[in-house]
2 protein chains.
Amino acid sequence: MSSEVNRQVFIVELPRGPLEERHFELREAARPEPGKGEVLTRTLYLSLDAANRAWMQGATYTAPVEAGAVMRGGTLSEVVASDDPAFAPGDVVECASGWQEYAVHRPVELRRIEPLGPLTHHLSIYGGTGLTAYFGLLEVGQPSSGETVLVSAAAGAVGNVVGQVAKIHGCRVVGVAGSDAKCAWLTQELGFDAAINYKEGPVYPAVKQACPEGVDIYFDNTGGEILEAALFRMKARGRIVCCGVVSQYDTANPSPGPRGVPGLIVTKRLRMEGFIYADYDARREVALDALAGWAREGRLVAKEDVVEGLESAPRGLIGLLHGENVGKRVVRLAPEAG
Amino acid sequence: MSSEVNRQVFIVELPRGPLEERHFELREAARPEPGKGEVLTRTLYLSLDAANRAWMQGATYTAPVEAGAVMRGGTLSEVVASDDPAFAPGDVVECASGWQEYAVHRPVELRRIEPLGPLTHHLSIYGGTGLTAYFGLLEVGQPSSGETVLVSAAAGAVGNVVGQVAKIHGCRVVGVAGSDAKCAWLTQELGFDAAINYKEGPVYPAVKQACPEGVDIYFDNTGGEILEAALFRMKARGRIVCCGVVSQYDTANPSPGPRGVPGLIVTKRLRMEGFIYADYDARREVALDALAGWAREGRLVAKEDVVEGLESAPRGLIGLLHGENVGKRVVRLAPEAG
C-alpha cells in the first residue's frame, strides 16, 4: 500500500519570466519517519493555485518559495501513522504537505476533514477555493439582490463559485473568461447572465455593453486591463474585492497600476479591499454549512479539473497560469484516492 | 452697504494643462433680484479647494465645470433679502454661490450657520474641510490608539486637521508636505511626530525612516508617488483613505496608477476607500460638537490663509494648486466680513 520511497517535486530555480517545467525536478527520497508527537501523512490530492506562482515573486501573506526545496502547496492527505491521540491512520486531513507523496506534520498543521461529498470537493467548494469565494463575495463585497457583480477569471477555481453564489443572492452576474467555450459554460451551465471573452477585443467596451447600468461589485482575480475596465465602469459606492492578480504573477516585471487609482476611487467613493479566507476562520463552519446546503439543492455545482500524477504537477500549474483549467485544478497522487 | 453691481469671476476657458489666470475673467453684471420664494445672498467668504480644479477635468461626484459660466465654489454668505420665512436678512448661510458677490438661491440650497467662532472657521474646521478630515479619518480610517497615521498634503486644509484629530486619538502622526517651513509648522506647532518634505528626495526612503514599523492608515490627499510609497509601506490590514488626488488635478494627462495596485492590496489585505463628507450628513452635528470641543480645549487649531478680494480668487486657486497655502485658503470678499 505504501512504498518506502517518497517522490518529491523540487523547485530547483525561481523563474525570472514565465514558469517552465525546467524550474522543477522530480526526485526520490526515503519515506520520512514521524518523530515523537508527529503524524505521517500520504498525499491524496494536491491543490494547484495561481497563488503558487505569486509565492515565487517574494513575500506575500506567507513566506516566499525558495529554490532548492520541495515545492509548497496545499494538500488533502491521509494519515498513515500518528503519535498524536487526535489523529488515527485513515483520517483525512487538510494540510500543506507540498508537492510530495509523504510528509511528517505536527498536529497543529493538520485539520481533520469530515467528508461532505467526494474528497476533491474539499479542495474546491469546501476548500480554500469555496471559502475564498464565499467570504470575498459576501463579507468584502456585501452584495444586495439586484446588484450587478462582475467577476474575472470567471471560469477559474474561485471565479465560478463567486458567480454561482452571487446568483444565489439574486445578483446579475457577468463573468470575464479567456475562451468562448468557457463563456458558454458560464452562461449555459452555471446561469451567468453574460460572459465576456477578454481575448476577443478591448475589454472596456465589452464590459460596458454587458453592464449597461454599471458594476456594483467587481470580484478581481486578475488585476491588469480587466481591473482598469471595471474601475471605469463602477457605480458610485461600488466595491472591488481584491482576491488575486493572476495577470501579474507569471512575470518578473509587473505592470504599473491601473489608471483611475486613486482618482476614480475618490470621485465614485469606491472601496477596494484585499482579504484572505483564513481571516474569517471563526465563521468557517457557517460558510461550509451554507455551501453544502446550496450544493445539496443543486444550486452550487462543484467543477473540478483533475490532473493525474505527481509528475504532472509542474505542467498542471503552468497550464493553470495560461488559463487551461475550467474550475478547480487538483493533482491526484494516490491511484486509490477519490 | 450693497451696491447695484455684481462682480463675478467667469471661467472663460477650460485649462488643458496647468491652470492660469487667463482662464478666468472678472466681469460686472447687475445685482440679481430674488424671485418668489427665493433668497438673495451676498458672499462674505469664498472657499478655495483643490477640488475646484478637479471639477474642470470632467464629471466627479458633481457636474463638471464648464467654460463660459461663473466659476463654481463654496461660499459663506449673508442673507440680503428673503422671500422665504426660514431666512431673514443678516442670517449667515453656507451655500455654493460661486465666484461672485451676489447670488439668488432657493432655500433648499442654503444651510444656516450658528457661528461657533470666527466666521472663517465655518470654512475650515467647522466646514467641509473639518468634516472631511473628521469623517475620513474616523469613519473610513478607523484609527486605534498607538497606530501610525501618514497624511499627505499635511499642511493643507484637510491634512493638518487630519493630523491633529489623529493625535487627539492617540496615534503616531507623520505628515508629508512640500517645504521645510511647512514641516517645521507641523512638528513644532501642531505636534506631528515627524514630517517629510517630499521635494527633498525620493519619498519611499523617507517614509520608511519616519515609519519604521509601517503605516496603519494613510490619508491620501495627493495620489501619485506618495501613494505608491505608502502602499509599499502599509502594514497588513492597513487602510488607505482616498480623499483627493491633488498631484493629478492640474494636468490634462493624469499618470498611470501606482505600482502595487492591486498586488499589495491582495497580499497585505489593505482597504482603499473613497468618500465625501456629505455622505455622513446624518452625523454632522456629532462631528461639529466634537470638533468644537477640541477647539475649545486648545487641542485643535484652526489655521486659515486669507486672500483679499474676489479679483484675487484665480491667483489664490492657482497658488493653492502649487502648494502655496498653509491651512485652509479662503477669499474674503466683503471688507466688513469677519
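As a convention, each chain's residues are numbered from 1 in the sequence order in which they are written. Whichever chain is written first becomes A and whichever ligand is written first becomes 1, with later ones labelled in order. With pLDDT at 70 or above as the cut-off, local features in this predicted model cover only qualifying residues; side-chain atom pairs require 80 or more to be listed or tallied, and sums for whole chains, interfaces and linings still use all residues.

**Describing the overall build of chain A**
Thinking step 1. Each helix corresponds to a stretch of at least 4 residues labelled H or I by DSSP, and each strand to a stretch of at least 2 residues labelled E; elements are numbered beginning at the N terminus. Counting secondary structure elements, chain A contains 9 helices and 16 strands.
Thinking step 2. For chain A, the C-alpha radius of gyration of 20 Å lies close to 20 Å, the compact-globule estimate for 338 residues.
Thinking step 3. Along the three orthogonal principal directions, the C-alpha set of chain A runs to about 60 × 45 × 35 Å.
Thinking step 4. By the burial criterion, 53% of the 338 residues in chain A qualify as buried.
Thinking step 5. Contacts in chain A between residues far apart in sequence, at least 24 positions, make up 66% of those at least 6 positions apart. The size measure is the radius of gyration over C-alpha atoms, and the globule rule it meets is 2.2 Å times the number of residues to the 0.38 power. Counting other C-beta atoms within 10 Å of its own, a residue is labelled buried from 20 upward, exposed at 12 or fewer, and partly exposed in the gap between, with every C-beta atom placed from the backbone. Whether two residues are in contact is decided by their C-beta atoms, placed from the backbone, lying within 7 Å.

**Remarks on the interface of chain A and chain B**
Thinking step 1. With 32 residues of chain A at the contact, the number on the chain B side is 32 residues.
Thinking step 2. Among the secondary structure elements, those contributing two or more residues to the side of chain A that touches chain B are α7 (263-267) and β14 (271-274) of chain A.
Thinking step 3. Polarity classes work like this: nonpolar for Ala, Val, Leu, Ile, Met, Phe, Trp, Tyr, Cys and Pro, charged for Asp, Glu, Lys and Arg, and polar for all others, with Gly in that last group. Residue classes in the side of chain A that touches chain B are distributed as 16 nonpolar, 9 polar and 7 charged.
Thinking step 4. The rule for pairing is simple: two strands pair if DSSP sees at least two bridges between them. Inspection of the sheet shows β14(A) paired to strand β14 (residues 271-274) of chain B by 3 bridges, in the antiparallel sense. Across the sheet, A:Met272 pairs through a bridge with B:Met272, a residue of β14(B).

**A closer look at the pairing of strand β12 (residues 215-220) of chain B**
All names here are of chain B.
Thinking step 1. Among the 6 residues of β12, 6 are classified as buried, and the element is accordingly described as predominantly covered.
Thinking step 2. In terms of strand pairing, strand β9 (residues 148-151) meets β12 through 3 bridges, oriented parallel. Within the sheet, the bridge partner assigned to Leu-150 lies in β12 and is Tyr-218.
Thinking step 3. Between the parallel elements β12 and strand β13 (residues 234-242), the chain passes through helix α6 (residues 224-233) in a crossover that is right-handed. By definition, the crossover connecting two strands over a helix is right-handed if that path, from the first strand to the second, turns clockwise as seen with the strands pointing away from the viewer.

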